[in-house]
Each structure stands twice: as structure tokens, then as C-alpha cells.
Protein chains: 2
Amino acid sequence: MGIQERKEREKAHMRQMILETALAIFQAEGFDKVSVRAIADRIEYSPATLYLYFKNKDDIFYALHEEGFRRFIEYQRRADVLDDPAQRLKKMGQDYLNFAVENPEYYDLMFIMAAPMREVSQEWSCGKEAFENLVKGVQDCLESGQILSGNVHTVSLGIWAFVHGLASLLLRGRLQIIPEEQREKAIEAALEYLDALLTHRPGR
Amino acid sequence: MGIQERKEREKAHMRQMILETALAIFQAEGFDKVSVRAIADRIEYSPATLYLYFKNKDDIFYALHEEGFRRFIEYQRRADVLDDPAQRLKKMGQDYLNFAVENPEYYDLMFIMAAPMREVSQEWSCGKEAFENLVKGVQDCLESGQILSGNVHTVSLGIWAFVHGLASLLLRGRLQIIPEEQREKAIEAALEYLDALLTHRPGR
DNA sequence: TTCATAAAATTAACATTGTTCAGTAACGGA
DNA sequence: TCCGTTACTGAACAATGTTAATTTTATGAA
């Protein structure tokens, strides 16, 4: 009686099909062009069919945002190759920005857009998990004793805000006040100040 | 022949009427509810009339975003009462966040939403002006010699990214990983690390 | 195979949306 | 009063998200 399982496979496959198509349109033509009908057209189903697999359009974006976090976690793991906690943390910051630049649509969904969050009922577990990974990195720095004073969560929040600030200003076109050719350099230079958040002694 | 001037007054008045209404809906019911028809209904004109005063809907948001910057500049000026450059800069950061919290819709338009930027043809003069005010604040700190090394524009970008990161994470619901009652405190605590960006010596 | 039931997919509709264009009403100067 | 310009509107268009009723398809039993 493997028929039940086959159906579940098919259901999962259909969901993935929808998500892949939605993402493809998002990447190729932008958020505004991601319509239920456009997705339905591409997968050669009726628009109404999508509602058998997702509650509504926001739910599709929520699922995409989850997929984004799965990829993001891999970026976070890249720092694990480094032994020195401080260097590891710095690489986490760099890779955060790398993720944003290399996956701008996912980043938008995960950290900027309103749509996916409307589907977050209780806890934003995706975000929480990713943040805890950062906290862990900061914790390691604290325990290794090389640097840093202050509350671990506060420092983590500061680091997140800093790199997210750079990423979101860039992705949402607010860094056009910097000439195109200098922009990347400027961001890299600013990122150097990540150290500052770690070496700083608050409340002086 | 004051008739021409009266017409211009009326035209300006109509524009303002539209903008005020758009903002009112935005503040009361959110971005999604700001429709051309909803605005037209409230001011008791036909939807088509709006297109005699604005090129399109994005153009309305662009005008709103400009108004936001006018109010923002006033927040920036609040720091002028302080004489010490470092304290002045810190207050600028605090007031930046105050603006975001007290005018979340304006902030969204100015620094997060995509819509207004689609109407920016060449130069984003609003943003440039506001940023230059920040640069000036950083410059003063450098010249007073109390603190800081490194490139003025780089530090300014870092400061902006930092405070914008906090503001945008908050406004877009990404800080719900922090319990409601601790959230404000956490942001305040993180903001203390603004100092870090100033006292830091890069490239060590 | 045949039939009833359950599941999957579609059709067609609804209420919105932004935007345009042909027409109408109001106004200003002659 | 007439005429031209300006201001405005009505109606339409194409596109959107979403739902209810209906049809098609697959399934397991007789």
C-alpha cells in the first residue's frame, strides 16, 4: 500500500514545483511579477490549484523564505573552518553580506519584505535559529577571552543590525548616493568596523 | 491678474490634499490599503483626477517620501543644541531611531520601500542631503580631535548602516525574536555601541 | 469490468487594483 | 454671448488574489 506515500511524494513535488517557479519569476522579473496566475501558467495548472497546496500567496512567500534560511544556514557554517573565534565571527559577518549579495531575492524575503512575516503565527523559528548561531559565535569570542565585554545578546544584536543595515540599504537602492564603482569598496571598508563592536567597552 | 497664481495655489492645495489623504490611509490602515480609488473616494474626486496631479501611484509615494525627509531634517537639527561633537553625533543616532519609531510609515517610505525609489531618475537628492548632514557630524568629531580615526565617509556609512539596521529590523517585524517587553531596552543597549564605531582604530 | 466514492483540478465568477481615453462641464477672456 | 482652454469624470481595460460550484480523474470494492 505504497500509494499513500506516492501521493505524499507527488504533493511535495507539486509544492516544490510551485516554489521553484515562484522563485524563478522573482529572480528573473522581480517581486511584482510573481502572481498566482503567472506561476500557474508556467506549471500548466489552473490558478485555483495553487490554493490546494498553499493557503494563500503570502504562504508561498513564507515557504520561500524558509528555503532561504536553509541556504543561509549553510553560509553560516562556512565560518566553522576557522579556529580562532574572532576570525570566525568576522567571517560570519562577511558571509552574511555575501549571502545578501548573491541571493538578493532570498535576503529580501527573509529580512526585509513584509509578506512572509504575515504568515508567522507565533514564533519566527527560522530567524531565531539563525540568530542563535550568531550568538554562539559571539559567546565563543567572549569565552576565549580575547576581546569584548558587555552582554552577549546585545553585541549580537548590534552585529546583526550593522551587517543587515549595509545589506538592506544596498538591496533597496539607498546606496546610490555612492558612485557605482566605489560602492563595493565602501561597503568592504565599512565592514571593517565590525571589529569595533567587539573590542568596544560600553559605558565609558 | 492674480488668477494664474490662484490656480497655482489651488493646484498645490490639491496635491497636498492627495498627499495628506494618502498618508492618512497609510498610517491608519497600512500600505496595502493605499489605493488610488481609496484616496479619490476620501477627497471626493474621481480616481482619474489624481493622474492630473501625479504621474502615477509611485509618484505619490515619492512625494510622500520627500515630505518625510523634510521632517527628518528637523530631527537631525535637534542635535545642534549640543556643543560637544561626540555627544552631538550620539544624539543624531538616537534621534534617527526616534524618527523611525515615531514616524514608521515615513521611515518605511524613505529607507525601506521600493516604490519611491522607482521614481528617482538621476540623483537621490533627499537621501544625499541627509547623509551629508551625518558626514558633517562625523567630520566635526574628527576635527575636534577627541576621537576617531579612519575615513569620514566610511565611518558615516557604518553609523548609518548600524542605526538603519536596528530601525528596519524593528519596523519589519524581525525583532520579534526578542520578547516584546525587552525589545526597547535591547535596542537602547545596542545603540550604546555607536561609540564603538567612533573610537575604533581600523586595520589593526 | 462496473460502479460508487474520494481526491484533484478546473471553470467561472467576484471584488479589487492601476491606468487611460473620449467625452463633458466649468471657467476666463473677448 | 461666444469660444477656447482647462479641469474633471465615466467607462472601460487588463491584471490581480481568492473562492464556490462543478467537472475530471483516480481508487478500491462488487
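Conventions we followed
- Residues numbered from 1 in each chain as written.
- Chains lettered and ligands numbered in written order.
- Predicted model: local features only at pLDDT ≥ 70, side-chain atom pairs only at ≥ 80, totals over all residues.
- Heavy atoms only, no water.
- Phe/Tyr/Trp six-rings, centres within 6.5 Å; stacked < 30°, edge-to-face > 60°.
- Helix = DSSP H or I, 4+ residues; strand = E, 2+ residues; numbered from the N terminus.
- Buried < 20%, exposed > 50% of the residue type's maximum accessible area, 1.4 Å probe, protein only.
- Near = heavy atom within 4 Å.
- Polar contact = N/O pair within 3.5 Å; in protein donor to acceptor, adjacent residues only side chain to side chain.
- Nonpolar A, V, L, I, M, F, W, Y, C, P; charged D, E, K, R; others polar.

J.: A description of the packing of aromatic side chains should follow, citing residues and the corresponding values.
T.: By convention here, two paired aromatic rings are described through the distance between centres and the angle between planes. Residues and elements named next belong to chain A. Per the counting criterion, the structure on display carries 30 aromatic pairs over all chains. A ring pair is formed by Y96 and F111, whose centres lie 5.7 Å apart and whose planes are at 40 degrees; its orientation type is tilted. Here the residue Y96 occupies a position in helix 4 (residues 85-102), and F111 occupies one in helix 5 (residues 104-112), the gap between them amounting to 15 residues. With a centroid separation of 6.4 Å and an interplanar angle of 80 degrees, the aromatic rings of F111 and W124 are classed as edge-to-face. Residue F111 is found in helix 5, and its partner W124 is found in the loop between helix 5 and helix 6 (125-144); the two are separated by 13 residues along the sequence. Like W124, F111 is buried. One aromatic cluster is present, built from ring pairs that chain together F69, F72, Y75, Y96, F99, Y107, F111, W124, F131 and W160.

J.: Quick rundown of the protein's contact with DNA strand C? Include the residues and the values.
T.: Around DNA strand C lies a shell of 18 residues, among which T49 and Y53 of chain A together with R37, Y51 and K57 of chain B are the nearest. Put simply, 57% of the atoms of DNA strand C that lie within 4 Å of the protein are in sugar or phosphate. In the model, a base nitrogen of DNA strand C is placed 2.6 Å from a nitrogen or oxygen of the R37 of chain B side chain. Of all the secondary structure elements, the ones that give two or more residues to the surface near DNA strand C are helix 1 (3-29) and helix 2 (36-43) of chain B. Grouping the constituent residues of the surface near DNA strand C by class yields nine nonpolar, four polar and five charged.

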